[in-house]
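# Structural overview
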Amino acid sequence: TYWVVLIASLSGQAIGDLLELRVDTDGTVINQASLAEILGQRLIDAGVGSDPENPTVWPVYINHKPDGAGAPDSLIVVSDIDGVMDGRMPGGEAIVHSGAQVWVRAMEQKIGWKLIQDITTLFLRQGIVDVVLDSRVYRILNISQLGSVLPLGLEEGNRKRRYEFSANFLSTTKEVGT
């Protein structure tokens, strides 16, 4: 393994230390939680969602949508999606913004719509935020929304009337400690 340091400038200050990633020789990031895991934990920390093992509000699932007997009707799913290669630094290091989709299922259209809007507002108004996940600290450096919220209508293949909504995001994160 080796370290790649991406250096940029923000208001004249070097932020290379914020964008340092540990990568394997094939370019794979090591010991980095996925963006879906990090953003899911951010939703739990902000009180928008809850851990599915102990749900107090909307349970937040990562990279899968539970269904069937016992699955909650109202929930949040955060999934990893394609990111964006954002060029290269002068030293040749690639800049990548990871992608995530937030998907909401609700029994009432108005409640689901409000929740997905609240989530996008939370992400887009936050500054740099640290999230603790499995005793590692990850810094969310930025989040950008890709397009508008997409109302998906009623869930297909289910007799219950459950409404679905989604929004896609790009983000740069960094593991900063334990």
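Conventions we followed
- Residues numbered from 1 in each chain as written.
- Predicted model: local features only at pLDDT ≥ 70, side-chain atom pairs only at ≥ 80, totals over all residues.
- Heavy atoms only, no water.
- Phe/Tyr/Trp six-rings, centres within 6.5 Å; stacked < 30°, edge-to-face > 60°.
- Helix = DSSP H or I, 4+ residues; strand = E, 2+ residues; numbered from the N terminus.
- Buried < 20%, exposed > 50% of the residue type's maximum accessible area, 1.4 Å probe, protein only.
- Axes fitted to C-alpha atoms, helices over the stretch in contact; angles between N-to-C directions.
- Parallel < 35°, antiparallel > 145°, perpendicular 65-115°, else oblique.
- Contact = heavy atoms within 4.5 Å.
- Nonpolar A, V, L, I, M, F, W, Y, C, P; charged D, E, K, R; others polar.
- Core = buried A, V, L, I, M, F, W, Y, C linked by side-chain atoms within 4.5 Å.
- Polar contact = N/O pair within 3.5 Å; in protein donor to acceptor, adjacent residues only side chain to side chain.
- pLDDT = per-residue confidence, 0-100.
- Pairing = 2+ DSSP bridges.

### A short note on the packing of aromatic side chains
If you walk through the whole model with that rule in mind, you get two aromatic pairs. With a centroid separation of 5.2 Å and an interplanar angle of 90°, the aromatic rings of F123 and F169 are classed as edge-to-face. With F123 in helix α2 (residues 109-125) and F169 in strand β10 (residues 163-177), this pair connects stretches of sequence that are 46 residues apart. We classify F169 as buried; its relative accessible area is 0%.

### A short note on unusual backbone geometry
Positive phi, close to 60°, is recorded for N63, a residue that is not glycine. Structurally, N63 can be placed in the loop between β5 (60-62) and β6 (75-88). The class for N63 is partly exposed, based on a relative accessible area of 40%.

### Remarks on the packing of helix α1 (residues 35-45) against α2
Packing of α1 against α2 leaves a shortest axis separation of 12 Å and a crossing angle of 105°. Taken together, the axes of α1 and α2 are roughly perpendicular relative to one another. Every residue of α2 that contacts α1 at L39, R42 and L43 is listed here: I119, L122 and F123. Classifying every residue of the contact of α1 with α2 gives five nonpolar, no polar and one charged.

### Remarks on the nonpolar core
One finds L39, L43, I76, V78, V102, I119 and F123 to be the most contacted residues of the largest nonpolar core, which totals 31 residues. If you list the elements that add at least two residues to this core, you get α1, β6, β7 (94-106), α2, β8 (129-133), β9 (136-154) and β10. Non-local contacts of V78, meaning those with residues more than four positions away in its chain, are made with A36, L39, G40, L43, V60, Y61, I62, N63, A100, Q101 and V102.

### Some points on the side chain of H97
Relative to the elements of secondary structure, H97 occurs in strand β7. At 2.6 Å, the side chain of H97 and the side chain of T172 are in polar contact. Once you skip the residues sitting within four places of it in the chain, H97 turns out to touch G83, V84, D86, L170, S171 and T172.

### Some details on the confidence of the model for the chain
A low pLDDT score tells you not to read the predicted coordinates there in detail. Mean pLDDT for the chain: 82, with 80% of residues reaching 70 or above. The low-confidence segment residues 1-20 (pLDDT under 50) makes 46 contacts with residues lying over four places distant or belonging to another chain.

### Considering the pairing of β9
As paired strands, β8 and β9 are joined by five bridges and run antiparallel to one another. Paired with V131 across the bridge in β9 is Y138. The antiparallel pairing of β8 with β9 creates a hairpin that spans two residues between the two strands, and D134 there sits at a positive phi of about 50°. Examined bridge by bridge, β9 and β10 share 13 bridges and lie antiparallel to one another. Within the sheet, the bridge partner assigned to Y138 lies in β10 and is E175.

### Description of the sheet that holds β5
With respect to topology, six strands assemble into an open sheet ordered β5-β6-β7-β10-β9-β8, the strand pairing being mixed. With partners counted over all chains shown, the strands left at the sheet margins are β5 and β8, one partner each. Within the sheet, the average angular offset between the axes of one strand and its neighbour, ignoring direction, is 40°. Pairing analysis gives nine bridges linking β7 to β10, with the strands arranged antiparallel. Bridged to S98 within β10 is S171. Sitting on the sheet, α1 touches β5, β6, β7, β8, β9 and β10, and the angle it makes with β8 is about 100°.

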